[in-house]
Amino acid sequence: MAVVDRRLFLAGAAALPVAARAQSIPFGGIDEAAFWKDIASQYDVTRDVIQLENGNWGMMARPVLQAYERNVERVNRDTSYYTRRGMMADWIAARDALAATLRVQPDEVAFTRNATEALKTLILGYNRLTPGDTVLYADLDYDSMQACMESLGPRRGVSVMQIALPEPATRQSLIDAYAQAMEANPRLKLILLTHLSHRTGLVLPVREIAAMARARGIATIVDAAHSWCQLDMTLADLDCDYIGINCHKWLGVPLGVGAIHIRRSALSAIDRDPANPTSDRDTINARIHTGTVDFAAPLTVTAALAFQENIGSKRRADRLAALRDRWVTRARTLRGIEVLTPEDPALHGGITAFRVVGKTSSADNVAIAKTLLDRFGIFTVHRDGPAAGACVRVTPALFNTMADMDKLASALEHMVI
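Rules used throughout
- Residues numbered from 1 in each chain as written.
- Predicted model: local features only at pLDDT ≥ 70, side-chain atom pairs only at ≥ 80, totals over all residues.
- Heavy atoms only, no water.
- Helix = DSSP H or I, 4+ residues; strand = E, 2+ residues; numbered from the N terminus.
- Rg over C-alpha atoms; globule rule 2.2 N^0.38 Å.
- Buried < 20%, exposed > 50% of the residue type's maximum accessible area, 1.4 Å probe, protein only.
- Areas by Shrake-Rupley, 256 points an atom, 1.4 Å probe, with all protein chains shown as cover.
- Lys, Arg positive; Asp, Glu negative; His and termini not counted.
- Charge placed at Lys NZ, Arg CZ, Asp CG, Glu CD.
- Pairing = 2+ DSSP bridges.
- Axes fitted to C-alpha atoms, helices over the stretch in contact; angles between N-to-C directions.
- Contact = heavy atoms within 4.5 Å.
- pLDDT = per-residue confidence, 0-100.
- Phe/Tyr/Trp six-rings, centres within 6.5 Å; stacked < 30°, edge-to-face > 60°.
- Polar contact = N/O pair within 3.5 Å; in protein donor to acceptor, adjacent residues only side chain to side chain.
- Parallel < 35°, antiparallel > 145°, perpendicular 65-115°, else oblique.
- Nonpolar A, V, L, I, M, F, W, Y, C, P; charged D, E, K, R; others polar.

### Considering the overall build of the chain
Right, so step 1: Across its full length, the chain holds 14 helices and 13 strands.
Right, so step 2: Expected size for 417 residues packed as a compact globule is a radius of gyration near 22 Å; at 22 Å, the chain falls within 12% of this value.
Right, so step 3: Principal-axis analysis of the C-alpha atoms gives the chain an extent of 65 × 55 × 35 Å.
Right, so step 4: When each of the 417 residues of the chain is scored for burial, the buried share is 55%.
Right, so step 5: A total accessible area of about 17,800 Å² is found for the chain, and carbon and sulfur atoms account for 52% of it.
Right, so step 6: The positive charge centre, built from 47 side chains, and the negative charge centre, built from 46, are 2 Å apart in the chain.

In structure tokens form, the structure reads like this:
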């Protein structure tokens, strides 16, 4: 393994004296509030609003931002002298550190600019389809990925099927929905699974569904853009061949960093990018061709990993779920509020969506989000939903406080009285 620049690797930990003491603070103990207050102090958050739309991308903590600025300075100063001589060792070390955290092999991971690029590569590059086969996606999948799946119809001559996920959902009803689709479509060959929905925050039991599919010879491509670093999980936990993730969401690195995972044993089922010469080595990197990118951004992954590792995966996931539960518990008591994400902790993380009863149009929910911002100073976002209608999404981050969530709950009470 190449050795990363020590300054880059230590940047996250060196600037985190409080987070670095995480192991000495009793989890859930009397110091927990102080711990999260100190973590929040590492983020330079706008005070103009209560920011509860953190799903688009995640804010970099100050030590990560500082590491990024140093990386930008170096790339800008040394230009090709660095990129052609020393950068690749640092790049590989950042990739290896990411792979170790994901609990996959380094040669099964490659950087992309985002999860969309990774998933597009997987969907459009999957070469085991023949005319007459069927591919499947769900109504809660990300819009761009739905479009990619639909494009396989004219591209590959396959039938494209969409299913509506049950609402309200249970673990078993979700498994049953996919099992029924598999049973009803003997030529089903490819399924897109979104681990954590960007619309409602619903978490699919991906490992179980993928195992059912594998037993029937069906491949699965997993969209883990929102689940990794929001949930306490690694890619190894999903046990899937093809996965796309974002690093600039819940890991909190600069914009423009995602990753693609392809198991070594499944590599041949994904076409090489046509921009790469056939004479190049047949690796996961041969499936991606992005041209010149912001080199400083992936190099900052090591600093972000150090920051997050000092918090801990379970502690981070529990905090995001606790912020979510703080407002959802009160919201569920309001007759005029419909919370769309199940209570089962295995089926949600921090993201949760709601509707005001009877307000199911996109215009209705744009107006609700506007009222929260204009009247209460709370920034959320409306999401267009499946057949059931639109909704408002609430996405807390590690810098949010329980007081922020209480203000949201109080705002909803005033809106439905």
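### A short note on the sheet that holds strand E4 (residues 159-163)
Right, so step 1: Within the open sheet, the seven strands sit side by side as E2-E8-E7-E6-E5-E3-E4. Their pairing is mixed. Of all the strands in the sheet, the pair left with one neighbour each is strand E2 (109-112) and E4. Mean inter-strand twist for the sheet, computed between neighbouring axes without regard to direction, equals 20°.
Right, so step 2: Strands strand E3 (134-138), E4, strand E5 (188-194) and strand E6 (219-223) of the sheet are contacted by helix H6 (residues 143-156), whose axis makes an angle of about 160° with E3.

### Quick look at the confidence of the model for the chain
The predicted coordinates should not be examined in detail at positions where pLDDT is low.
Right, so step 1: The pLDDT averaged across the chain works out to 92; a share of 92% of its residues lies at or above 70.
Right, so step 2: Taken as a whole, residues 1-27 scores under 50 in pLDDT and shows 58 contacts with residues more than four places along the chain or in a different chain.

### Structural notes on the packing of aromatic side chains
Right, so step 1: For the structure shown, the criterion picks out seven aromatic pairs.
Right, so step 2: Seen from their ring centres, Trp91 and Phe111 are 5.6 Å apart, and the 90° between their planes marks the pair as edge-to-face. Within this pair, whereas Trp91 is found in helix H4 (residues 87-102), its partner Phe111 is found in strand E2, the two being separated by 20 residues in sequence.
Right, so step 3: The exposure class assigned to Phe111 is buried, which follows from its relative accessible area of 10%.

### Comments concerning the sheet that holds strand E13 (residues 391-394)
Right, so step 1: Taken in spatial order, the four strands line up as E9-E10-E13-E12 in an open sheet, and their pairing is antiparallel. The sheet terminates laterally at strand E9 (337-339) and strand E12 (381-383), the two strands that pair on one side only. The sheet shows a mean angle of 40° between the axes of neighbouring strands, direction not considered.
Right, so step 2: Of the pairings in the sheet, the one linking strand E10 (residues 352-356) to E13 comprises three bridges and is antiparallel in character. Paired with Phe354 across the two strands is Val392, which belongs to E13.

### Things to note about the side chain of Ser197
Right, so step 1: Along the chain, the position of Ser197 falls in the loop between E5 and helix H8 (206-215).
Right, so step 2: With relative accessibility at 2%, the residue Ser197 sits in the buried group.
Right, so step 3: Here the side chain of Ser197 touches Arg199 through a polar contact of 3.0 Å, landing on its backbone nitrogen.
Right, so step 4: If we ignore the near neighbours within four places in the chain, the residues touching Ser197 are Leu140, Leu202 and Ile351.

### A word on the packing of H4 against helix H11 (residues 301-311)
Right, so step 1: Where H4 meets H11, the closest approach of the two axes is 9 Å, and the angle between their N-to-C directions is 30°. For the element pair H4 / H11, the angle class is roughly parallel. Across the interface between the two elements, Ala94, Ala97, Leu98 and Thr101 of H4 pack against Val301, Thr302, Leu305 and Glu309 of H11.
Right, so step 2: Residues of the contact of H4 with H11, tallied by class, amount to five nonpolar, two polar and one charged.

### Description of unusual backbone geometry
Right, so step 1: With an omega dihedral of 0°, the bond running from Glu167 to Pro168 counts as a cis peptide bond.
Right, so step 2: Along the chain, Pro168 turns up in the loop between E4 and helix H7 (171-184).
Right, so step 3: Not every positive phi belongs to a glycine, and Arg103 is a case in point at roughly 60°.
Right, so step 4: In this model, Cys229 sits at a positive phi of 80°, which is unusual for a non-glycine residue.
Right, so step 5: With respect to the element layout, Cys229 can be found in the loop between E6 and helix H9 (235-238).
Right, so step 6: On the accessibility criterion, Cys229 (3% relative accessible area) is buried.

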